[in-house]
Amino acid sequence: MSDSEEIPNATEIGQPVYDADGNELGTIRGWEDDGFFVTTRDGIAALSVEHEHTTPAHGEAELMWRCSDCGEMGDVAAVPETCPSCDAPRENLYYWTED
């Protein structure tokens, strides 16, 4: 990437992530205070409970979003632009598995 190219400062779920040499590492699958999570899986498998390695021995888990500011959780099929409880931006919402 040349100095004249703009680096996007907004991140979105599903956005590709690249190393310094331009090789795609994976896609963004969630955020937390320290950064974002990247998956190397494609399609819905990247967002599935199986991706979290939940096994039947540990019971069933549901994939949800969670706010890193207030702990609010919701259905991953409808990740909001801001947290409905504390108005934190979408960047503060990350994927979470709930029993």
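Residues numbered from 1 in each chain as written. Predicted model: local features only at pLDDT ≥ 70, side-chain atom pairs only at ≥ 80, totals over all residues. Heavy atoms only, no water.

K.L.:
Account for the overall build of the protein chain, with residues named and values stated.
P.N.:
What the protein chain contains, in helices and strands, is 0 helices and 6 strands. Order of helices (α) and strands (β) in the protein chain, N terminus to C terminus: β-β-β-β-β-β. Here the protein chain holds 99 residues, and the buried ones make up 25% of them. Taking all contacts inside the protein chain whose residues are at least 6 apart in sequence as the whole, residues at least 24 apart take part in 30%. Accessible surface computed for the protein chain: about 6,800 Å², of which carbon and sulfur atoms make up 47%. (Helix = DSSP H or I, 4+ residues; strand = E, 2+ residues; numbered from the N terminus. Buried < 20%, exposed > 50% of the residue type's maximum accessible area, 1.4 Å probe, protein only. Contact = heavy atoms within 4.5 Å. Areas by Shrake-Rupley, 256 points an atom, 1.4 Å probe, with all protein chains shown as cover.)

K.L.:
Tell me about the side chain of N92, and name the residues and values.
P.N.:
As for its position among the elements, N92 is in the loop between β5 (73–75) and β6 (93–98). When sequence neighbours within four positions are dropped, the list of residues in contact with N92 reads R66, C67, S68 and D69.

K.L.:
Can you tell me about the sheet that holds β6, naming the residues and giving the values?
P.N.:
In sheet architecture, strand pairing relies on hydrogen bonds along the backbone and comes in two forms, parallel and antiparallel. Here 3 strands make up an open sheet; going across it, the order is β5-β4-β6 and the pairing antiparallel. Here the strands that pair on one side only, and so sit at the sheet edges, are β5 and β6. Strand-to-strand twist in this sheet, taken as the mean axis angle between neighbours without regard to direction, amounts to 45°. By the bridge criterion, 3 bridges tie strand β4 (residues 62–67) to β5 in an arrangement that is antiparallel. Paired with R66 across the strands is M73, a residue of β5. (Pairing = 2+ DSSP bridges. Axes fitted to C-alpha atoms, helices over the stretch in contact; angles between N-to-C directions.)

K.L.:
Requested: an account of a nonpolar patch on the surface, with residues and values cited.
P.N.:
Nonpolar side chains collect at one region of the surface, where L25, F36 and V38 lie side by side and expose about 250 Å² of accessible area between them. Considering the arrangement of structural elements, one finds V38 in strand β3 (residues 35–39). Here V38 falls in the partly exposed class, since its relative accessible area comes to 37%. (Patch = residues over 30% accessible without salt bridge, like charges linked within 9 Å, V, L, I, M, F, W, Y side chains within 5 Å. Salt bridge = Lys/Arg side-chain N within 4 Å of Asp/Glu carboxyl O.)

K.L.:
Give me the lowdown on the packing of aromatic side chains, citing residues and values where you can.
P.N.:
Within the structure shown, the criterion is met by 1 aromatic pair. Measuring from centroid to centroid gives 6.1 Å for Y94 and W96, while their planes differ by 75°, and the two rings are edge-to-face. Judged by relative accessible area, which is 15%, Y94 ranks as buried. Residue W96 is classed as partly exposed on the basis of its relative accessible area of 29%. (Phe/Tyr/Trp six-rings, centres within 6.5 Å; stacked < 30°, edge-to-face > 60°.)

K.L.:
Residues and numbers for the confidence of the model for the protein chain, please.
P.N.:
Of the residues in the protein chain, 68% have a pLDDT of 70 or more, and the chain-wide mean is 75. Per-element confidence in the protein chain ranges from a low mean pLDDT of 77 for β3 to a high of 90 for β5. (pLDDT = per-residue confidence, 0-100.)

K.L.:
Describe the sheet that holds strand β1 (residues 16–18), listing the residues and the values that go with them.
P.N.:
Spatial ordering of the open sheet is given by β1-β2-β3, a layout of 3 strands whose pairing is antiparallel. Edge positions in the sheet fall to β1 and β3, since each has one partner strand and no second. Sheet twist, expressed as the mean angle between neighbouring strand axes with direction ignored, is 55°. As judged from the 5 bridges shared by strand β2 (residues 24–32) and β3, these two strands associate in the antiparallel manner.

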